[in-house]
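Topology and contacts: notes
One letter stands for each residue in the lines below.
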Amino acid sequence: MRDLSRRRLLTGSGTLLGAGLVGSSLGGCDAPALSHLATPYDWSNGLTFAVQRWLLRHQPLVREFDRSQISTVFPTINTTDPDDPAYKRSKEAGFADWKLPVTGLVERPGAFSLADLKAMPARTQVTLHSCEQGWSAIGEWTGVPLARLLARVGLKPQARFIVIRSVDGWWDSYDLFDALHPQTILAYGMNGGDLPVKHGAPLRLRVERQLGYKSLKYISAIEAAERVDGYGKGRGSMVAELGFPWYAGI
């Protein structure tokens, strides 16, 4: 974990300190939403991104709740059971054959089983999920911090973004400021049990400082990259291609 130092986090993530807001303007910001995507990004979203990054520059934790406050109903939306042959076979086997490949700009690429991930130091957190569709719910999540997995494979110096893909075809990207946050975890447990299929089993992402659509379910691959403008339509995520902001900070 020491390898992913505060200095590495700040210099590798395009924070407000690297933006023109401290100096003159936002035009020099190194954040993907403003420069690395090579696509127009409106000033309102850019300003929101820069101001929020300044407010969060010391990496505070989001509020965590008591287990007694866990919601009795946690809605499930979009995909709730992927219609993918390989996924179905793996589900029938209890995900015993499932593996998560971690590739790209890393020193030690590898594929990790669910057992491998569960053997790593875990974090449990009870947090509020805020959905862009207008609802919220509190859930308990258990998993390995993404930062620990990235430390295991070793990020190369030029790595600036983490691209994550899911079984159902969705993908998104995260700069290191969010990817290395202690509460950004790869969750395999929910509310004291295994992560249910309807909530993304065997593994889902939890990015607690952004809206729910950034917390991808059914994770299938992780890749470290220097730029993300070469993925998809160049907007950094599937949701951005549909008109949502790439950065969904709350």
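That block above? That's the structure.
Residues numbered from 1 in each chain as written. Predicted model: local features only at pLDDT ≥ 70, side-chain atom pairs only at ≥ 80, totals over all residues. Heavy atoms only, no water.

**Overview of the pairing of strand 1 (residues 99-104)**
So the rule is basically this: When DSSP finds two or more bridges between two strands, those strands count as paired. By definition, any uninterrupted DSSP run of H or I lasting at least four residues is a helix, any uninterrupted run of E lasting at least two residues is a strand, and each is numbered from the N terminus.
The pairing of strand 1 with strand 2 (residues 110-113) spans four bridges and is classified as antiparallel. Counterpart to V102 in the pairing with strand 2 is G110. Once strand 1 ends, the chain turns through five residues before running back antiparallel as strand 2. Here three bridges tie strand 1 to strand 10 (residues 219-225), and the two strands are oriented parallel to one another.

**Structural notes on the sheet that holds strand 10**
The condition that has to hold: To obtain an axis, a line is fitted to C-alpha atoms, over the contacting stretch when the element is a helix, and the angle between two such axes runs from 0 to 180 degrees between their N-to-C directions.
With respect to topology, five strands assemble into an open sheet ordered 2-1-10-5-6, the strand pairing being mixed. The sheet terminates laterally at strand 2 and strand 6 (171-175), the two strands that pair on one side only. Each adjacent strand pair in this sheet contributes to an overall mean axis angle of 20°, direction not counted. Inspection of the sheet shows strand 5 (residues 161-166) paired to strand 10 by six bridges, in the antiparallel sense. Pairing of F161 across the sheet is with A225, part of strand 10.

**As for unusual backbone geometry**
Short version of the rule: Categorising residues by exposure relies on relative accessible area from a 1.4 Å probe, with only protein chains included: less than 20% of the type maximum marks a residue as buried, more than 50% marks it as exposed, and the intermediate range marks it as partly exposed.
For the peptide bond that leads from A201 to P202, omega is 10°, which places it in the cis range. Inspection of the secondary structure puts P202 in the loop between strand 8 (193-194) and strand 9 (204-206). With a phi angle near 60°, F95 is a residue other than glycine that sits in the positive phi range. Here F95 is to be found in the loop between helix 5 (85-92) and strand 1. Looking at F95, the relative accessible area reads 10%, which means it is buried. The backbone phi angle of Y218 is positive, close to 55°, even though this residue is not glycine.

**Brief notes about helix 7 (residues 146-153)**
For helix 7, a buried count of six out of eight residues is recorded, marking the element as mostly surrounded by other parts of the structure. L146, A147, L149, L150, A151 and V153 are the residues of helix 7 that are buried. Just past helix 7, the residue G154 takes up positive phi, approximately 80°.

**Concerning the environment of V167**
How we decide: Any two residues whose heavy atoms approach within 4.5 Å are treated as being in contact.
Here V167 shows up in the loop between strand 5 and strand 6. The partly exposed category is assigned to V167, whose relative accessible area is 24%. Expressed as a C-alpha distance, the spacing of V167 and Y218, which sit 51 residues apart in the sequence, is 5.5 Å. Beyond its immediate sequence surroundings of up to four residues, V167 is in contact with P82, D84, Y87, Y218 and S220.

**Section: the side chain of R204**
Our working rule: The term polar contact refers here to a pair of N or O atoms within 3.5 Å; inside protein, the definition further demands a hydrogen-donor-capable atom paired with an acceptor-capable atom, and it admits residues adjacent in sequence only when both atoms are side-chain atoms.
Among the structural elements, R204 can be located in strand 9. At 3.0 Å, the side chain of R204 and the backbone oxygen of S215 are in polar contact.

**Notes on the nonpolar core**
The cut-off we apply is this: Nonpolar cores are built from buried Ala, Val, Leu, Ile, Met, Phe, Trp, Tyr and Cys residues. Side-chain atoms within 4.5 Å join them into one set.
Counting residues in hydrophobic clusters, the biggest one holds 45 residues, and the most contacted among them are L100, L117, L149, I162, L186 and I222. If you list the elements that add at least two residues to this core, you get strand 1, helix 6 (114-118), strand 4 (136-145), helix 7, strand 5, helix 8 (176-179), strand 7 (185-190) and strand 10. Beyond its immediate sequence surroundings of up to four residues, L186 is in contact with L100, T142, G143, V144, L146, L149, L203, R204, L205, I219 and I222.

**Details of the pairing of strand 4**
Remember that side chains alternate between the two faces of the sheet whenever the strand is regular. Of all the 10 residues making up strand 4, nine are buried; the element is thus mostly covered by neighbouring parts of the structure. Where strand 3 (residues 123-130) lies against strand 4, eight bridges are found, and the strand directions are antiparallel. Within strand 4, the residue paired with R123 across the bridge is G143. Bridge analysis of strand 4 against strand 7 gives five bridges, and the strand direction is antiparallel. Bridged to W141 within strand 7 is M190.

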